[in-house]
Every structure is written in structure tokens, then in C-alpha cells.
Amino acid sequence: MSDDHQRPAEADLTQEQPGPSAEHQDPQPPSKNALKRAARAERHAAFKLERRAKEKEAKKEKKRAIQAKRAVGEIGEDEEKKRQKKKPRLHFGGRVVVDLGFDDKMNEKEIISLCSQLAYTYSANRNAAYPFSLVYTSLNGRTFNRLESMSDAGYKRWANTEWWREGYERIWQGQDPPLENKGESNEKGSEETVPDAPAEASTSAAVPSQQDVRQTVVYLTADSEDELTELKPNETYIIGGICDHNRYKNLCLNKANESRVRTARLPIGRYLASLPTRKVLTVNQVFEILLKWVETRSWEEALYSVIPKRKFHVGGKGGSDAAKSSCQAGDLDDDKAESAVADEVDSAVVVVEEQEEAVDEDR
């Protein structure tokens, strides 16, 4: 047989020879960075358990000390009543919405940091003298998965909060009743309505139109041309729930314009004109500023009390606030940023869990 007839047969035999299958290939060893992350996660988990055990033991010891003082009469009746009396909370009547509809624009670290900011937001509202009704909208995707994994889905037990899978458009699309100045809360007897100007008698029982309800909604964004001058108890204020290190310009502004709702920016430039560093704030910082304004009715006092002091110094970084802000954590190298974010999430969840335990004990 000629070589011309042999060559195709040889080619076919070559093609039919099986190569090494994927199942028999050796798995790729983990990279050094992956090993470092795994070791760091293991250390962090062990430290977390140890810290929580110490915190619980300290609380038990404090209880035992109070019981001992009570037994020997060192705690008088007046002091006992003062200690047990809850501080009354006055409900402002306004509503704050955190728009979580930016899940696809953040990486994993930013999702983790955002979720911890949500925990800080709830904690601040729970401890506030004038709390808001708090609503989280567009809860889906990785943000939802992250919250589900935190403290056995502890976010579902947050008092005076609502979680919507729908967007904030639900406010005026007939699925949500119009906001009224009522002191509603999941904690009975803990809140009262803020004494405000006498409301005018209602002249009509007609349900407000979508346009009327839409006019009571204000999206807070630093890119707005309008400056926020005051908060009103019958309005809803939206905070963009995104941690993007200021990558996306006019993101919240464009979204608000598409929804045809009003926009406004915090008056940072008016009261802190000499602020040398960038004016990017976290979700919880914006929310705490709103809480502080309701309490003091002073933007200057609210801004100075919430914005980290290091932002008033050129090049000032570090301190305990470095891990509390997603933007600041992003300025660190990868290893330090990941560690800071992990500590931030843990501390936020601990704060919320301790408050829930205190409520259970009071009940």
C-alpha cells in the first residue's frame, strides 16, 4: 500500500487517541493569597467565639454585682426605678428608605461593607431619641445572601424596619399606604409621637394620587443642585445603598430623575466649607446625620457630631473610624482591607445582637 493511503489512517489513529481527562488532572494548588485568607478567616472565627464568650461572661458578672448590691440594700428604690425606667423615644414621623438596587455595581468586599453599614444604620435608629420608620428596598442578589448569612438572618428580627424585594417605586404605585405622622413601632409603649404643629383638619378622605405621593419623596444625593434645608415628618428620604468609592458619577441622581422624584444634597458645603478631604459618606453616616438633625434641628451640630474628625485634617486617616467606612477600607491594601471589613461586620452584628438580647431580658 502506498504512503498516500497510509497517511490518512495514521492521522485518524492520532486523533482517536484519548488525551488526559479532566478528572485525572491534578487539581491546582491554592495560591498563597488564598491560603492567607483561609488562615485569617480561621483566626478571626476563633477570636470571635472567644470575644463573644468574654462579653457574655462580663454581662453575667454585672448582673450578679447588681443583685448583690440589691440584696444588701445598697441600691435604693429611687435608683432602682431610675435604672429600670426606659428612656421614652419620640417618633419623628418621617421615613427613611435605603435603596439597595445597586447590587450589580459592587464587588464582594463592597457588598460585605454595605451590609455592615446597614447594621450600623439599624443600631443608630434603635438608640435614637427620635427614630425614623426605616425601609430597605430592592433586597435581592448578593446583598440578600450576605444578610441571610449574618447572625442567622438576624436582620429579619430588626424592630421598626421593613424589607421590600420591590424598588422604592412601591411607595407611590398603590402597594404601600401614604405615610402619616404616627408613632408606630414594634416595641409597645416605647415611643410617642413628636408634638408638632397642629395638623389641619382633613377636608377630603380621597386617597392621594401617585403624583401627590411622589412629591413627598426626596432622593438624597451629593450631585443634586438643591440643598436640603429641613426634614419634614410627612416626607420620605431615600439614601442610595451603594459602596462604590465614588466610581459612578451621578448614579443616584440619574435614577431619581428617571423616577421623577425630587433630589437634594446635605448642606455639607454650607456648614463645612473648609472640609479638606473628600465629602463621601457611608450609608450609616448619612442616616446618623438625619437622626441628629431631628434631635437638634441644627445642620452644623449634626454634621460635626457625625463626620469623623480625621476628615477635618489634610491627609488624616486611621483611628477607629477607618474600618467603619467602606470607602476608607478601600484605601488600604487588600489584606488589611479584608481584615478591616471582617472586623466591621462582626462588631456591627454584635451591637445588634446585644440590643436584641437586652429587649428579650426586659420582656
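Residues numbered from 1 in each chain as written. Predicted model: local features only at pLDDT ≥ 70, side-chain atom pairs only at ≥ 80, totals over all residues. Heavy atoms only, no water.

**A few points about the confidence of the model for the protein**
To be explicit about the condition: Every residue is assigned a pLDDT by the predictor, reflecting its confidence on a scale from 0 to 100. Residues count as neighbours in contact if any of their non-hydrogen atoms are within 4.5 Å of one another.
The pLDDT averaged across the protein works out to 74; a share of 63% of its residues lies at or above 70. The low-confidence segment residues 177–204, where pLDDT is below 50, has 46 contacts with residues more than four positions distant or belonging to other chains.

**Topic: helix α10 (residues 299–306)**
Inclusion rule: Accessibility here uses a 1.4 Å probe with only protein chains present; expressed as a share of the type maximum, an area under 20% marks a residue as buried, one over 50% as exposed, and anything in between as partly exposed. Each helix is a run of DSSP H or I of at least 4 residues and each strand a run of E of at least 2, with the numbering of both proceeding from the N terminus. Note: the arc covers the axis-to-C-beta directions of the helix.
Of all the residues in α10, the buried ones are Trp299, Ala302, Leu303 and Val306. Buried residues of α10, viewed axially, fall in a sector of 95 degrees; they line one side. Contacts made by the buried residues of α10 are with α8 (268–271) and α9 (283–296).

**Some points on the pattern of salt bridges**
Test applied: The working definition used for a salt bridge is a side-chain nitrogen of Lys or Arg within 4 Å of a carboxyl oxygen of Asp or Glu.
For the structure shown, the criterion picks out 14 salt bridges. Among the ionic pairs, arginine 64 bridges to glutamate 57, the shortest N-O distance being 3.0 Å. Note on arginine 64: relative accessible area 40%, which makes it partly exposed. Exposure remark for glutamate 57: the relative accessible area of 41% places this residue in the partly exposed category. Of the charged contacts in the structure, one is a salt bridge between glutamate 108 and arginine 142, with a shortest N-O distance of 3.2 Å. One end of the pair, glutamate 108, is in helix α4 (residues 108–127); the other, arginine 142, is in helix α5 (residues 141–149), with 34 residues separating them in the sequence. Residue glutamate 108 is classed as partly exposed on the basis of its relative accessible area of 47%. Relative accessible area serves as the criterion here: at 26%, arginine 142 is assigned to the partly exposed category. Here the salt bridges share partners, and the residues they tie into one network are Glu57, Glu61 and Arg64.

**Focus: the pairing of strand β7 (residues 236–240)**
Where we set the bar: Note on pairing: DSSP must find at least two bridges between two strands before they are called paired.
Burial analysis of β7 places 5 of its 5 residues in the buried class, which makes it a mostly covered element. Going residue by residue along β7, you find Thr236, Ile238 and Gly240 tucked away on one face and Tyr237 and Ile239 tucked away on the opposite face as well. Pairing analysis gives 5 bridges linking strand β2 (residues 95–99) to β7, with the strands arranged parallel. Each bridged residue has a counterpart across the sheet, and for aspartate 99 the counterpart in β7 is glycine 240. Bridge analysis of strand β6 (residues 217–220) against β7 gives 4 bridges, and the strand direction is parallel. Across the sheet, residue leucine 220 finds its bridge partner in β7, namely isoleucine 239.

**Things to note about the packing of α9 against α10**
In plain terms, the rule: For every element, the axis is a line fit to its C-alpha atoms; helices are fit only across the contacting stretch, and the angle between N-to-C directions ranges from 0 to 180 degrees. What sets the label is the angle itself: under 35 degrees gives roughly parallel, over 145 gives roughly antiparallel, 65 to 115 gives roughly perpendicular, and the rest give oblique. With the far helix as reference, a near helix turned anticlockwise by less than a right angle produces a left-handed crossing, and one turned clockwise produces a right-handed crossing.
Remark: α9 packs on α10, axes separated minimally by 8 Å, with the N-to-C direction vectors making an angle of 140 degrees. In terms of orientation, α9 and α10 fall into the oblique class. The chirality of how α9 crosses α10 is right-handed. In contact with Gln285, Glu288, Ile289, Leu290, Lys292, Trp293 and Thr296 of α9, α10 contributes Trp299, Glu301, Ala302, Leu303, Ser305 and Val306.

**Topic: the packing of α4 against α5**
We count it as follows: Residues are sorted three ways: Asp, Glu, Lys and Arg are charged, Ala, Val, Leu, Ile, Met, Phe, Trp, Tyr, Cys and Pro are nonpolar, and all the rest, Gly among them, are polar.
Orientation of α4 relative to α5, taken along the N-to-C sense of each, is 60 degrees, at an axis distance of 10 Å. By the angle between their axes, α4 is oblique relative to α5. Regarding α4 and α5, the two cross each other, and that crossing is right-handed. In contact with Glu108, Ile111, Ile112, Leu114, Cys115 and Leu118 of α4, α5 contributes Arg142, Thr143, Arg146 and Leu147. When grouped by side-chain class, the residues that make up the contact of α4 with α5 number 6 nonpolar, 1 polar and 3 charged.

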